[in-house]
Amino acid sequence: MKSIDMLEKTFSPQDIEARLYAGWEESGAFAADPTRAAAPFTIMIPPPNVTGSLHMGHALTFTLQDTLIRWQRMRGRDALWQPGTDHAGIATQMVVERLLAGEGTERRALGRETFLDRVWQWKAESGGTITRQLRRLGASLDWPRERFTMDDGLSRAVREVFVTLHRQGLIYRDRRLVNWDPKFQSAISDLEVESREIKGSLWHIRYPLADDPTRFLVVATTRPETRLGDTAVAVHPEDARYTDLIGRSVVLPLVGRAIPIVADSYSDPEKGTGAVKITPAHDFNDFEVGRRHDLPMPSVLDREGRVTLAEIATDSAFVHSLQGVDRFEARRRIVAELETLGLLERIEPHTHQVPHGDRSGVPIEPLLTVQWYCNAGELAKAAIASVEDGRTKFVPQQWENTFFAWMRDIQPWCISRQLWWGHRIPAWYGPDGEVFVAHDANEAEQAAEKHYGKQVALTRDEDVLDTWFSSALWPFSTLGWPQQTPELARYYPGDVLVTGFDIIFFWVARMMMMGLHFMGEVPFRHVYIHGLVRDERGQKMSKSKGNVMDPLELIDRFGADALRFAICALTGPGRDIKLGPSRVESYRSFVTKLWNAARFCEMNGIAPDPDFDPARATLPLTRRILAEASAAVAQANAALEAYRFDEYAAACYRFTWNTFCDWFLELAKPALQEAEVKRTAAHVLGLLLRLLHPVMPFVTEELWDHLGYGAPCSLIRAPWPATFEVPGADAARAELDWVVRLVGEVRTVRAEMNVPPSLRAPVLLKDAAPESIARGGRWLEAIGRLARASDFAPLAGEVPAGSAQAVLDEATIVLPLAGLIDLVAERARLEKERAKAQKEAEQVARKLDNADFVARAAPEVVEETRERLESARAEVARLEAALARIG
């Protein structure tokens, strides 16, 4: 039912967004229905951290997902967009530990169970922030199905997977190097490590040969504190400087232990001295060298980053004085002692990348510890094959190369973390250290009794699983697995996963490994990889740069629809998104344009007619707009099928702003009292509201409801527009396109010549075919009004002096401007502007020709400079064309 009240003059997003979202949610508009006969369409949300707040990365990925899910829902698919959040082990434990610190206590004082109770309490009180904020964005998730990676059902799935993989020999314990965070006292994943540029030093240390103390091998290192654990020095096998030393030994300074000189290609003859110390227990590359040469691997730093001598033997009193000393203080003392002994050849400044914990902010320590591992190499085989044979396709396809590179060189996956918050590892230890992996304590006790022949006390493993372990099960655990539910049968596998390139390995690949292993099928058919959101200059957002944008602030200023449309319009394949408030503001103008067009239609009595049939249109004007509407639908479908969100947005923008608003409504103004024109306008407006709904849900729903196209909050479930045939469309297009181009050329010339809008000029056609003159005659009123023409006629005789000209097909448009403007002054102005633009283009070109500039400048600066050159050259071309028009 059409609203009695007229649309407000100005669109106010804050007045409608919350109301419309509540209406959709309360009516069950987001819900999937496993009982429907429709084909399913599934997107699994990348579960945001329960600690999270909406940031621009979220706004990007969830806008794209919501656009797809709304589109498919309108196409009649049984669309499931599975919501949920991740328990985020380290992040959540950090939040609660900070709260405890503010209360003057800490988790160890509380004990594990009490601490976990506090975490659950925090989640209940504060863990819903991100889901509330997703509603502000307009995300149409099936909220009653919301899951949490530590809810009962998902926890059961985690235990089942762990126990099964352990029984299959694919989960095991091993002593290997891990990224150790001394502050958190836990292993962390590579994704939780960030490299920071540090201005440090490179210490060149003399290692005396064991059989000739007068000769030294100089080794350069950035970490003198770990050299207590050196077990070899490596040189390149083809480095002629050291050929005679391979197989001999050096004495480890301070410690006094002889260590071998080994030949290994890891040593780079061009780097430093070409000789590198090998400390297998404290460096990932050294660990691999140690394995190749079967070297001892003593740890000399403990879990708190302090010197430990438990695994090395030495008589040095100095070395013994380092026991328990912090790693950085130990570094200072070791360097001073080496200098005193004459074993420090030189120190040089050295800027290098040092890995830090991204949350703790402290340098991480490669540490040799016993952890639980998953045999990722074995699980990866099926995942690699599924991409090779096309069962899962990456979009853009080039990301397959990244996937293959990671997967074909995959290492054992460390899945244990030394935290309290998370899925506790289902393993129990007997009195002699025997491990019993089981679904629960009762099952473990039964296994232990069978093993020992009696009941024994068991101790549960203290560690929890890596957060990515439970996330890897997300596509099937959220649907009820290990139970065989109707949802699991219907919605697995998913149709598309939308995510960023940074977690292809950490999450995408692991979901594929687990899905194939436990479900026998890929978890999703397509993986759409989007770029990063950067600022308008292409720079990465960071607090230090002060260029971080808050999507909620942008929504408050411009509305969710403007932000969503900006994101889609800027999201192209294989590129990052340059976004700033000005871009969102510009697309708010598009939302306003749509609102004003709808208001104009309403004021002119244009209302939906359910009986309207496009095939019965008879007028060129109506036939053309209907044919263009059908073409816009086809373009939108093709774009969304190919995940070309930019092309979808562009098709919607062109049709709405240019075709419908600027031309159809303008050309139709005198004919708006004709029934066919009014009915066509209503039909096309309803079509474009449906076309725009996936990306701009709020304004389209409000207009749909208000103008009477359907019941309140019904557009979300309205059928997606289909393409259709329009009789006589080609002829109508040819005629109207000619009129549009004629008016466009005249407007361009008038703008270039600074002809005031208040002044009218004749529009003359030279060498025009009779059909062109006839076309113009049929549209005299529109040409006069839109081209500010005082007359329209064929040109008889010579071109009048002081005329500007433009070509239109076989004809030349002639605009006599003498007496209206000062042509001499306009020509001088254009020549001056051309010279200025030419100078700018030449300056920018020289800058880009400077190899030093290109090498030193940041990539975003180089790209911005190229864009400036392109813009300057386009301006030169425009001005030259303008000058040519006036001879």
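The following paragraphs examine the structure supplied in this document.

Concerning the overall build of the protein
Helix and strand counts for the protein come out as 30 helices and 29 strands. Dimensions of the protein, computed from C-alpha atoms along their principal axes, come out at roughly 110 × 65 × 55 Å. Within the span of the protein, comprising 887 residues, buried residues form 54% of the whole. Roughly 37,900 Å² of accessible area belongs to the protein as shown, and the carbon and sulfur atoms make up 50% of that amount.

Considering the packing of helix α6 (residues 129–137) against helix α18 (residues 551–558)
Here α6 crosses α18 at 35 degrees, and the two axes come no closer than 10 Å. Between α6 and α18 lies a crossing of left-handed hand. Residues Gln 133, Arg 136 and Leu 137 of α6 form the contact with α18, whose participating residues are Leu 552, Ile 555 and Asp 556. Considered class by class, the residues forming the contact of α6 with α18 number three nonpolar, one polar and two charged.

With respect to the sheet that holds strand β23 (residues 524–530)
Across a sheet, strands are paired by hydrogen bonds formed along the backbone, either parallel or antiparallel in direction. The strand order β15-β23-β22 describes an open sheet built from three strands, whose pairing is parallel. At either margin of the open sheet sits one strand with a lone partner, and together these are β15 (393–395) and β22 (494–500). Direction aside, neighbouring strands of the sheet carry axes that sit 20 degrees apart on average. Bridging between β22 and β23 involves six bridges; their strand directions are parallel.

Describing the packing of helix α1 (residues 13–26) against helix α24 (residues 697–707)
Direction vectors running N to C along α1 and α24 enclose 80 degrees, while the axes themselves pass 10 Å from each other. On the basis of their axis angle, the class for α1 and α24 is roughly perpendicular. Counting all contacts with α1, which are made through Ile 16, Glu 17, Arg 19, Leu 20, Tyr 21 and Trp 24, the residues of α24 involved are Pro 697, Phe 698, Val 699, Glu 701, Glu 702 and Asp 705.

Comments concerning the packing of aromatic side chains
One pass over the structure, following the stated rule, counts 36 aromatic pairs. Centre to centre, the rings of Phe 11 and Trp 595 are 4.9 Å apart; their planes meet at 40 degrees, and the pair counts as tilted. With a gap of 584 residues between them, Phe 11 in the segment before α1 and Trp 595 in helix α20 (residues 581–603) connect regions that are remote in the sequence. Note on Phe 11: relative accessible area 14%, which makes it buried. Members of the aromatic cluster, each reached through a chain of ring pairs, are Phe 565, Tyr 587, Phe 590, Tyr 653 and Trp 657. If you follow Lys 123 out to its NZ or CZ, it ends over the ring of Phe 148, 4.4 Å from the centre. Over the aromatic face of Phe 404 sits the side chain of Arg 408, whose NZ or CZ is 4.2 Å from the ring centroid.

Let's talk about the environment of Thr 392
Here Thr 392 lies in the loop between α11 (376–388) and β15. Relative accessible area serves as the criterion here: at 0%, Thr 392 is assigned to the buried category. The spacing of Thr 392 and Leu 736 is 344 residues in sequence and 46 Å in space, taken between C-alpha atoms. Those residues in contact with Thr 392, other than ones at most four positions away along the chain, are Ser 386, Val 387, Met 512, Val 522, Phe 524, Arg 525 and Val 527.

Here's the deal with the environment of Phe 612
Its place among the elements puts Phe 612 in the loop between α20 and α21 (620–641). C-alpha of Phe 612 to C-alpha of Gln 65: the two residues are 547 residues apart in sequence and 33 Å apart in space. Not counting chain neighbours up to four residues away, the residues in contact with Phe 612 comprise Leu 626, Arg 679, Thr 680 and His 683.

Considerations on the nonpolar core
By size, the foremost hydrophobic cluster in this structure holds 209 residues, and its most contacted members are Phe 403, Phe 469, Met 514, Phe 565, Leu 579 and Phe 660. In this structure, Phe 660 is in contact with Ala 597, Cys 601, Ile 625, Phe 655, Leu 665, Ala 681, Val 684, Leu 685 and Leu 688, ignoring residues within four places of it in sequence.

Focus: the side chain of Ser 416
Relative to the assigned elements, Ser 416 resides in strand β17 (residues 416–417). Given a relative accessible area of 0%, Ser 416 falls into the buried group. A distance of 2.5 Å separates the side chain of Ser 416 from the side chain of Gln 371, its partner in a polar contact. At 2.9 Å, the side chain of Ser 416 and the backbone nitrogen of Trp 372 are in polar contact. Aside from chain neighbours lying at most four places away, what touches Ser 416 is Ala 187, Gln 371, Trp 372, Ile 425, Asp 463 and Val 464.

Focus on the pattern of salt bridges
The full count for this structure, using the stated rule, is 68 salt bridges. Among the charged side chains, a network of salt bridges with common partners joins Arg 223, Glu 225, Arg 327, Arg 331 and Glu 365.

Cut-offs applied
- Residues numbered from 1 in each chain as written.
- Predicted model: local features only at pLDDT ≥ 70, side-chain atom pairs only at ≥ 80, totals over all residues.
- Heavy atoms only, no water.
- Helix = DSSP H or I, 4+ residues; strand = E, 2+ residues; numbered from the N terminus.
- Buried < 20%, exposed > 50% of the residue type's maximum accessible area, 1.4 Å probe, protein only.
- Areas by Shrake-Rupley, 256 points an atom, 1.4 Å probe, with all protein chains shown as cover.
- Axes fitted to C-alpha atoms, helices over the stretch in contact; angles between N-to-C directions.
- Left-handed = near helix turned anticlockwise from the far one by under 90°.
- Contact = heavy atoms within 4.5 Å.
- Nonpolar A, V, L, I, M, F, W, Y, C, P; charged D, E, K, R; others polar.
- Pairing = 2+ DSSP bridges.
- Parallel < 35°, antiparallel > 145°, perpendicular 65-115°, else oblique.
- Phe/Tyr/Trp six-rings, centres within 6.5 Å; stacked < 30°, edge-to-face > 60°.
- Lys NZ or Arg CZ within 6 Å of the ring centre and 35° of its normal.
- Core = buried A, V, L, I, M, F, W, Y, C linked by side-chain atoms within 4.5 Å.
- Polar contact = N/O pair within 3.5 Å; in protein donor to acceptor, adjacent residues only side chain to side chain.
- Salt bridge = Lys/Arg side-chain N within 4 Å of Asp/Glu carboxyl O.

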